[in-house]
Amino acid sequence: MDFSYLSILLFLPVAGAIIVAFFCGDRARLIRWLAAVFTFLPFALSVALFAVFDRSQAAAGLIQFEEKLLWIAPLNANYHLGVDGLSLPMVVLTTFLGFLSVLISWKINLRLREYFGWLLLLETSILGVFLSLDLLLFFIMWEIEIIPMYFLITIWGAGRKEYSAMKYVIYTLLGSAFMLAGILSLYFTTGSLNMVEIASGGLGMVQTIMPAAAIFFLLLIGFAIKLPVFPFHTWLPDAHTDAPTAVSVMLAGALIKMGGYGMIRLCVSLFPGVAKQYAVILIILAVIGVLYGAAVTLRQTDFKRMIAYSSISHMGYVLLGVFALSQVSLVGAAMQMFSHGVITGLLFAMVGLVMHNTHERDLRNLGGLARQMPIIAVVFSVAGLASLGLPTTSGFAAEFLIFIGSFTSTIVPGIQIYTILSILGVVLTAGYILWMLQRVFYGPPLEKFNGTADADILERVYMFALIAVIMLVGIYPAILTDLFKLGISPIVGLLGG
Amino acid sequence: MIPYQFIWLIFLLPFFSFLIIAFFIRPFVKQESRIAGYTLIAALSISLALSVWTLASVMTAPNHELPVPVINWVVIEGGVTLHLGLLVDALTAVMLVVVTFVSLMIQIYSQGYMRGDPGYHRYYAWMSLFTMSMLGLIVAGNLVFMFVFWELVGLCSYLLIGFWFHKPSAANAAKKAFIVTRVGDFGFLVGILILYMNTGTFDIAELHELAITGVLAGSVLTWGAIGIFAGAVGKSAQFPLHTWLPDAMEGPTPVSALIHSATMVSAGVFLVARMFPLFENSPAALTTVAVIGGVTAIFAASMGLVANDIKRVLAYSTISQLGYMMLGLGTGGVAIGIFHLFNHAFFKALLFLGAGSVNHATGTFDMRLMGGLRRMMPWTYATFVIASLSIAGIWPLSGFWSKDEIVISALAQPVLFVLAMITVFMTAFYMFRAVFMTFGGEYRGGGPEAHDSHPHESPNVMVVPMVALAVLAVFSGLWNVTGHFGALLGHGETHGFFAGLFHPFTQVLPWLSLILAGLGILLAYAIYDKKWVSAERLGRLFRPLYSLFLHKYWLDELYENVIVKTVLLRGLFGSFERFDSRGVDGVVNGVASSAIYGGRALRRMQTGQLQLYGLFMGIGILAIIFAIFFFG
């Protein structure tokens, strides 16, 4: 450990939050700029780490930029950070969306200090989840996220915001309670809170206090609620729909990825045997999530709620990829998390813009906007096409890898059938995306929307930044797969082929 | 021998054209400029030259195949490797020439047709991307790379069919095209996965090898091939996924010309040809191709008999001709199917450009409002008639040669053969019905937006490409008179030119199909030109059939209203939605409110009276004692 890059990365946003909240008074411009600076720096730093990360095959599974300080000695708890091929791209995704979400929030005027304070704190807590290698630290970071989310939704949200925020908090806490029980049982059986240690030698340490499967499911419930997995998904449409735009972007883009990440990092790599044994149940839930999510999406009439439901369907692919338990499917699942992060981030940003500029969120009352807001229409179309998995966008690269990986997986007999069923989701996705595009942008221009503003300069900046990433990953997926495979291959090694 | 870098250029040039138009010309050049069109025309001219060079190289190359090195795209050790690779053989080269040539002609024509359209730049941007995607699909050497372009072709048709997106009908048609073809793509994707799982490769040449040597066989091969064919059924608008194509004419007419001739719909036929060794070694898959093709041919032709929109007639004829191609592939092989694709591309592009030219003059596509254009638009008339004769299969025009071969090879399947022969008659009839309704008789005034009461011939920039295509509609079929086309794409047997030219008359079958085609033309002449027989009376006489054809066998209603809207959206998905809000979320909220009500109920017990607490304590102690006494 030569220099604490990761600590700086982790605490820059929260430092910004403190400065913004307590030392800036009500100078709106200053607050915005500071928030932008304190999210841009971690982004730049994470990109730099991405660039210098050792990609050689020898580095597979190695933790890089590791930091370890003794924290609570009696518990053997450490302040332990580090990244590998799996977590680093997720960190980059989080800092990227964190920065853009500040730009997306540029027009917010209500209680600015608090708003940016909470938003920056949110970023730190998500980063903390991806960076922690200590279970206690991981859990604390996981929990901190709830506080900013609660305030961001209740104060700056819309619609039934109190209900949605409360539902989000209670549902998440319920998951956390199970997770905490899981972490504690893990601690009491292995005597360690170190994820790397437990993963490498830990299986032997698991004693008879509690069957491994029970711990596996305790942890899984927490992650399943976050991802979300059917039938634990109903908090998501409410929270997304009522949250302010930037928070929806963070929520869909980075936050729910903690669930998928946790599943791979804890459930699969600590309990490979159990994961294999129960994979079929989770794969069935994945297929239900994909198809059922898409079917319910098709019935939505609220613009934002539609995108929210589509996330449930897309996260079903993540679950499928994770529990197909093959090298390719796990890489695909990680790709899908990243890809869905940028695509849905963009979709929510665009929905927010359309709603902001037209003051309308009911799909039945929108229409013909391609004439009044041509740039938004083009960008929205690109995002939509990426969401339905069009080649040359990241959506295709991710979903295709999941399909190959699951179809050729040998873990679960008959997985080909489940994979084929989930591929049907691709047709349904095309249905709702194109229906939505048509409903909002095509058809004769409506008079009531004359004079509606198109995207301004700042909005174009973040739109095109997201599109650039979507296309880059779509055209050159190796930029991410080369990293993800380094994180995934040791896990697959544990699974024993 | 052409260097392989130039082969990459063939499809990259239109892509560069797309980038230039989309990012430089459209934002920075003024609307009236026609530079966007010239950019694409220049790019395609070079691509055409390179394609011809490729074809020449392939003809002399050993095994008619050029080696091209592959580039790694995604490598996951112990998992999967995806390549960007090209496969350049005779099939590729022929297709390259067809696509670049037809697209070039259409782009030149569009300089006239799209002049003044507010979306002019956008049009050429999408056209560039469309041509690029189709060319990419043709040269792709593995199934993944091909699937990428396959989907891009679908995207571009979506964008171009919905070009005038402010028209709800156009937006609907675009969406329909994308979703219906995606149903087929689903099968394609599953087919790819099945093949990959059992062979570990996406490489087309390797898959050929495995199928030929019998390593890839049995049900794996059959299902893989049928999956791939499902993709082709969607793209090539075969029954039962044909419904998108007739609606797809909502786009600008040159777009229809391109979709119906060289790109999009021909992609499906090309795909089957490309994967032909797989079909060849699976009798079930091959029969499926032949049957679907034969059924589609007659099925679509029947709907073409009664359509009044000239583009719709042409659309049904395309579906029907694609059915012929599939039938040819299914019964005769690559050379026969692709030869028809080759000829069809020229005359069908020409027919659509003719329809566009007529529309340019009259402001309508409804043939009932046309008539008498023979004298007013002589060039359009002449070229349209040539193309119609060609598609009807009249000797010695190009359509005759390829259709003749398909019909002969279909003899192997007597039922399909009969269907094919009936279709010959129907094709000739509906094409000349269109010719007589459009060009014969007196002018009936045109559409409501007609420029004046006296239509004029289109400008030269539109007429010249039509004439060029007409020349090919006459002569392209002569390539195989000597048997050289067939030899290039597979099976040999070549002979002298004149011997081949008059060879058909020594046999019965060509006579039969010529007579059927002649009868079709004669019947159209009798009804629509001379009006010896009243069309209305015929319609009444065959009323059930007439309305069956007119309503497209009610398949659109079945798909859209019954299956999609009623069964899926309202029924199944609606019940999912109710289940979600009342069932799943109901449980969630139920748990929450039961906690609240439970709390309220328990609160009543906290009365603050010590006597009551004492009572409960006593009961509790007694219960414990009993428990110990009985179970301990």
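Residues numbered from 1 in each chain as written. Chains lettered and ligands numbered in written order. Predicted model: local features only at pLDDT ≥ 70, side-chain atom pairs only at ≥ 80, totals over all residues. Heavy atoms only, no water.

Novice: Lay out the overall build of chain B in plain terms, naming residues and giving numbers.
Specialist: A count of helical and extended segments in chain B gives 27 helices and four strands. Counting over 632 residues, chain B shows a buried share of 58%. For chain B, long-range pairs separated by at least 24 residues make up 80% of all intrachain contacts whose partners lie at least 6 apart in sequence. If you sum the accessible surface of chain B, you get close to 24500 Å²; carbon and sulfur atoms cover 69% of it. Charged side chains of chain B number 33 positive and 30 negative; the gap between the two group centres comes to 12 Å. (Helix = DSSP H or I, 4+ residues; strand = E, 2+ residues; numbered from the N terminus. Buried < 20%, exposed > 50% of the residue type's maximum accessible area, 1.4 Å probe, protein only. Contact = heavy atoms within 4.5 Å. Areas by Shrake-Rupley, 256 points an atom, 1.4 Å probe, with all protein chains shown as cover. Lys, Arg positive; Asp, Glu negative; His and termini not counted. Charge placed at Lys NZ, Arg CZ, Asp CG, Glu CD.)

Novice: Which residues make up the overall build of chain A, and what values go with them?
Specialist: Scanning chain A from terminus to terminus reveals 21 helices and two strands. Taking 23 Å as the expected radius of gyration for a compact globule of 497 residues, we find that chain A reaches 21 Å, a close match to that expectation. In terms of principal-axis extent, the alpha carbons of chain A reach across some 70 × 55 × 45 Å. Here chain A, with 497 residues, has 67% of them falling under the buried criterion. Long-range pairs, those at least 24 residues apart, make up 82% of the contacts in chain A with a sequence separation of at least 6. When the accessible surface of chain A is split by element, carbon and sulfur atoms take 69% of a total near 15100 Å². (Rg over C-alpha atoms; globule rule 2.2 N^0.38 Å.)

Novice: Give me the interface of chain B and chain A: which residues, what numbers.
Specialist: A common way to express how large an interface is: the accessible area buried when the components associate. Listed per partner, the contact involves 46 residues of chain B and 60 residues of chain A. A combined buried area of about 4600 Å² lies between chain B and chain A, and 75% of that area is made up of carbon and sulfur atoms. Ionic pairing is found between Glu577 of chain B and Arg299 of chain A, a salt bridge with its closest N-O pair at 3.3 Å. The interface formed by chain B and chain A holds 15 residue pairs in polar contact (both at pLDDT 80 or more) in total. Among the elements of the structure, strand S2 (71–76), strand S3 (80–84), helix H5 (143–161), helix H6 (168–199) and helix H26 (555–605) of chain B are those that each provide at least two residues to the side of chain B that touches chain A. For the side of chain B that touches chain A, the leading source of residues is H6 of chain B, giving 15 residues. Looking at side-chain class alone, the side of chain B that touches chain A contains 32 nonpolar, six polar and eight charged residues. (Buried area = accessible area lost by both parts, 1.4 Å probe. Salt bridge = Lys/Arg side-chain N within 4 Å of Asp/Glu carboxyl O. Polar contact = N/O pair within 3.5 Å; in protein donor to acceptor, adjacent residues only side chain to side chain. Nonpolar A, V, L, I, M, F, W, Y, C, P; charged D, E, K, R; others polar.)

Novice: Got a sec to walk through the nonpolar core? Specific residues and values, please.
Specialist: In this structure, Met263, Phe323 and Phe441 of chain A together with Phe279 of chain B are the most contacted members of the largest nonpolar core, which totals 430 residues. Excluding residues within four positions of it along the chain, Met263 of chain A makes contact with Leu220, Phe223, Ala224, Leu227, Val229, Val268, Leu319, Val322 and Phe323 of chain A. (Core = buried A, V, L, I, M, F, W, Y, C linked by side-chain atoms within 4.5 Å.)

Novice: I'd like a description of the packing of helix H15 (residues 327–358) of chain A against helix H17 (residues 374–387) of chain A, backed by residues and values.
Specialist: Two measures define how a pair of helices packs: the angle their axes make with one another and the distance between the axes. Residues and elements named next belong to chain A. For the pair H15 and H17, interaxial distance at closest approach is 9 Å and the crossing angle is 145°. The element H15 and its partner H17 pack so that their crossing is left-handed. Together, Ile343, Leu346, Leu347, Met350, Val351, Leu353, Val354 and Asn357 of H15 and Ile376, Val379, Phe380, Ala383, Gly384, Ala386 and Ser387 of H17 make up the contact between the two elements. Classifying every residue of the contact of H15 with H17 by side-chain character gives twelve nonpolar, three polar and no charged. (Axes fitted to C-alpha atoms, helices over the stretch in contact; angles between N-to-C directions. Left-handed = near helix turned anticlockwise from the far one by under 90°.)

Novice: Give a detailed account of the layout of surface pockets, specifying residues and quantitative values.
Specialist: Size it by volume and the second largest pocket reaches roughly 1400 Å³. Along the walls of the second largest pocket sit 37 residues, with Ile179, Glu560, Val564, Lys565 and Leu569 of chain B positioned nearest its centre. Contributions of two or more residues to the lining of the second largest pocket are made by helix H13 (272–298) and helix H19 (415–441) of chain A together with H6 and H26 of chain B. A total of twelve residues in the lining of the second largest pocket trace back to one element, the largest contributor, which is H26 of chain B. A class-by-class count of the residues in the lining of the second largest pocket yields 21 nonpolar, six polar and ten charged. (1 Å grid on protein atoms, 1.4 Å probe; cavity = no way out; pocket = protein on both sides within 12 Å on 5 of 7 lines; lining within 4 Å. Points joined across faces, edges and corners; volume = space filled by probe spheres on them.)

Novice: Which residues make up the packing of helix H3 (residues 87–104) of chain A against helix H20 (residues 457–475) of chain A, and what values go with them?
Specialist: Residue and element names in this part refer to chain A. Viewed as axis vectors pointing N to C, H3 and H20 meet at an angle of 155°, and their least axial separation amounts to 9 Å. The orientation of H3 with respect to H20, classified from their angle, is roughly antiparallel. When you trace H3 past H20, the crossing you get is left-handed. Here Phe96, Leu97, Leu100, Leu103 and Ile104 of H3 come into contact with H20, specifically with Leu458, Tyr462, Ala465, Leu466 and Val469. When the residues that make up the contact of H3 with H20 are grouped by side-chain class, the tally is ten nonpolar, no polar and no charged. (Parallel < 35°, antiparallel > 145°, perpendicular 65-115°, else oblique.)

Novice: Break down empty space enclosed by the protein for me, with residues and values.
Specialist: Per the stated rule, a full pass over the model turns up seven cavities of 30 Å³ or more. Of all the secondary structure elements, the ones that give two or more residues to the lining of the largest cavity are helix H18 (394–407) and H19 of chain A together with H5 and H6 of chain B. Across the lining of the largest cavity, the residue classes break down as nine nonpolar, one polar and four charged. There is about 50 Å³ of room inside the second largest cavity.

Novice: Please set out the confidence of the model for chain A residue by residue, giving values where relevant.
Specialist: For chain A, per-residue confidence averages 90 on the pLDDT scale, and residues scoring 70 or more make up 98% of the total. Considering each helix and strand of chain A separately, the mean pLDDT is smallest for helix H8 (residues 195–205) of chain A, with a value of 70, and largest for H3 of chain A, with 95. (pLDDT = per-residue confidence, 0-100.)

Novice: Run through the side chain of Thr423 of chain B, naming residues and quoting values.
Specialist: Looking at the element boundaries, Thr423 of chain B is found in helix H19 (residues 414–439). With residues near it in sequence (within four places) discarded, Thr423 of chain B still touches Ala297, Ile298, Ala301, Ser320 and Tyr324 of chain B.

Novice: Break down the side chain of Asn308 of chain B for me, citing the residues and quoting the values.
Specialist: Residues and elements named next belong to chain B. By secondary structure assignment, the location of Asn308 is in the loop between helix H13 (283–304) and helix H14 (310–331). A polar contact is formed between the side chain of Asn308 and the side chain of Arg433, at a distance of 3.1 Å. Discounting residues that sit within four places of it in the chain, Asn308 has contacts with Phe365, Asp366, Met367, Arg368, Arg433 and Met437.

Novice: I'd like to hear about the packing of aromatic side chains, residue by residue, with values.
Specialist: The description of two aromatic rings rests on the distance between their centres and on the angle between their planes. Within this structure, the stated rule accounts for 67 aromatic pairs over all chains. Geometrically, the ring pair formed by Phe15 of chain B and Phe18 of chain B is stacked, given 6.2 Å between the ring centres and 25° between the ring planes. Of this pair, Phe15 of chain B and Phe18 of chain B both sit in helix H1 (residues 4–28), three residues apart, which is roughly one turn of the helix. Phe15 of chain B gets classed as partly exposed once you look at its relative accessible area, which sits at 25%. On the basis of an interplanar angle of 20° and a centroid distance of 5.9 Å, the ring pair of Tyr109 of chain B and Tyr113 of chain B is categorised as stacked. Of the two residues, Tyr109 of chain B and Tyr113 of chain B are both situated in helix H3 (residues 90–113); the distance of four residues between them amounts to about one turn of the helix. Owing to a relative accessible area of 0%, Tyr109 of chain B belongs among the buried residues under this scheme. The rings of Phe396 and Phe400 of chain A together with Phe147, Trp150, Phe188, Tyr196 and Phe202 of chain B are connected pair by pair, giving a single aromatic cluster. Sitting above the plane of the Phe50 of chain A ring, Arg55 of chain A keeps its charged end 4.9 Å from the centroid. (Phe/Tyr/Trp six-rings, centres within 6.5 Å; stacked < 30°, edge-to-face > 60°. Lys NZ or Arg CZ within 6 Å of the ring centre and 35° of its normal.)

Novice: Explain the environment of Leu341 of chain B to me, and be specific about the residues and the numbers.
Specialist: You can see Leu341 of chain B is positioned in helix H15 (residues 334–362). With relative accessibility at 1%, the residue Leu341 of chain B sits in the buried group.

Novice: Which residues make up helix H4 (residues 120–139) of chain B, and what values do they have?
Specialist: Here H4 of chain B spans 29 Å end to end across 20 residues, near enough to the 28 Å set by a 1.5 Å rise per residue. Along H4 of chain B, 19 of the 20 residues are buried, which leaves the element largely enclosed by surrounding structure. (Expected span 1.5 Å × (residues − 1).)

Novice: Got a sec to walk through the pairing of S2 of chain B? Specific residues and values, please.
Specialist: A regular strand carries its side chains on alternate faces of the sheet. All names here are of chain B. Note: S2 against S3, five bridges, orientation antiparallel. Across the sheet, Ile76 pairs through a bridge with Val80, a residue of S3. Where S2 folds back onto S3 in an antiparallel hairpin, the turn is made up of three residues, including Gly78, whose phi is positive at roughly 70°. (Pairing = 2+ DSSP bridges.)

Novice: Can you lay out the pairing of strand S2 (residues 77–83) of chain A for me, pointing to particular residues and giving the numbers?
Specialist: All names here are of chain A. A large share of S2 lies buried, amounting to seven of its seven residues. Burial along S2 is two-sided: the face carrying Ala77, Tyr79, Leu81 and Val83 and the face carrying Asn78, His80 and Gly82 are both buried. As paired strands, strand S1 (residues 64–72) and S2 are joined by six bridges and run antiparallel to one another. Of the residues in S2, the one forming a bridge with Lys68 is His80. In sequence, S1 turns back onto S2 through a hairpin of four residues, with Asn76 there showing a positive phi of about 60°.

Novice: If you had to explain the environment of Lys311 of chain B to someone new, which residues and values would you point to?
Specialist: Of note, Lys311 of chain B is situated in helix H14. Among all residues touching Lys311 of chain B, those that are not within four sequence positions of it are Met249, Gly251, Pro252, Thr253, Ser256, Phe352, Ala355 and Phe365 of chain B.

Novice: Please give an account of the pattern of salt bridges that cites residues and values.
Specialist: Side chains that differ in charge, positive against negative, can pair when their charged atoms come close. Residue and element names in this part refer to chain B. Going through the model one piece at a time under the given rule, you end up with 22 salt bridges over all chains. For the salt bridge of Lys167 with Glu250, the shortest nitrogen-to-oxygen distance reads 3.3 Å. One end of the pair, Lys167, is in the loop between H5 and H6; the other, Glu250, is in the loop between helix H9 (244–247) and helix H10 (253–261), and 83 residues separate them in sequence. Close ionic contact of Asp247 with Arg312 constitutes a salt bridge, the shortest N to O distance being 3.2 Å. A residue pair is termed long-range when its members are at least 10 positions apart, and Asp247 in helix H9 and Arg312 in helix H14 qualify at 65 residues. Taken individually, Asp247 and Arg312 each receive the classification buried, so the pair is uniform in this respect. Beyond isolated ion pairs, a larger network of salt bridges with shared partners links Lys176, Asp247, Arg312, Lys552, Asp556 and Glu560.

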